[in-house]
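Next come the chains, spelled out residue by residue.
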Amino acid sequence: MHKLYPCLFGLALLASCSAVRDDSFSSSRGNKKPVAHNTVVECILYDGMTKESAQLTNLSVNSEVQVLDTVDAYFVRARVTEKGKVLNGYLYRTCFSQR
C-alpha cells in the first residue's frame, strides 16, 4: 500500500507536466508570423496537397516566398506575390535549402 502512493504521485506529476507543455505549444504557435525564404530550385505553387491539385504559378530560382506554416514532412503553406497579386498555396519543402 505504501508503494502505491509514490507511483500515483509520479503519474499525476507526469500528467500535469505534459498538459502544461501542450498548452504552451499551441499558444505560441498562433503568434508566429510569416518568414521570408528564397527558393533554391524552380518550384510550383499548388492550391492543395494532392496529385490533382491545380498549379497556381511557377517560381524561378531565388524567388522570395513567405512561409506561413509547416504543414507536414513534404509541404509548407506559403504566400507569393507575383505581378502585384498575392497567391496562397503549398510548396514542397525541397524548394528551400536545409537549415
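Residues numbered from 1 in each chain as written. Predicted model: local features only at pLDDT ≥ 70, side-chain atom pairs only at ≥ 80, totals over all residues. Heavy atoms only, no water.

### Some points on the packing of aromatic side chains
(1) Moving on: Applying the stated criterion across every chain, the model contains 2 aromatic pairs.
(2) Moving on: Residues Tyr46 and Tyr92 carry aromatic rings whose centres are separated by 6.1 Å and whose planes lie at 85° to one another, so their mutual orientation is edge-to-face. Placement of Tyr46 in strand S2 (residues 43–46) and of Tyr92 in strand S6 (residues 85–92) is noted, with a sequence separation of 46 residues between them.
(3) Moving on: Note on Tyr92: relative accessible area 38%, which makes it partly exposed.
(4) Moving on: An aromatic cluster is built from Tyr46, Phe75 and Tyr92, whose rings are joined through pairwise contacts. (Phe/Tyr/Trp six-rings, centres within 6.5 Å; stacked < 30°, edge-to-face > 60°. Helix = DSSP H or I, 4+ residues; strand = E, 2+ residues; numbered from the N terminus. Buried < 20%, exposed > 50% of the residue type's maximum accessible area, 1.4 Å probe, protein only.)

### Observations regarding the state of the cysteines
(1) Moving on: Tallied over the entire structure, the rule returns 1 disulfide.
(2) Moving on: Sulfur-sulfur distance for the disulfide between Cys43 and Cys95 comes to 1.9 Å. Taking the sign of the S-S torsion, -130° for the link of Cys43 and Cys95, the bridge is left-handed. Here Cys43, found in strand S2, pairs with Cys95, found in the segment after S6; they are 52 residues apart in sequence, far enough to count as distant.
(3) Moving on: Since its relative accessible area comes to 3%, Cys95 is described here as buried. (Disulfide = S-S within 2.5 Å.)

Geometry only, nothing functional implied.
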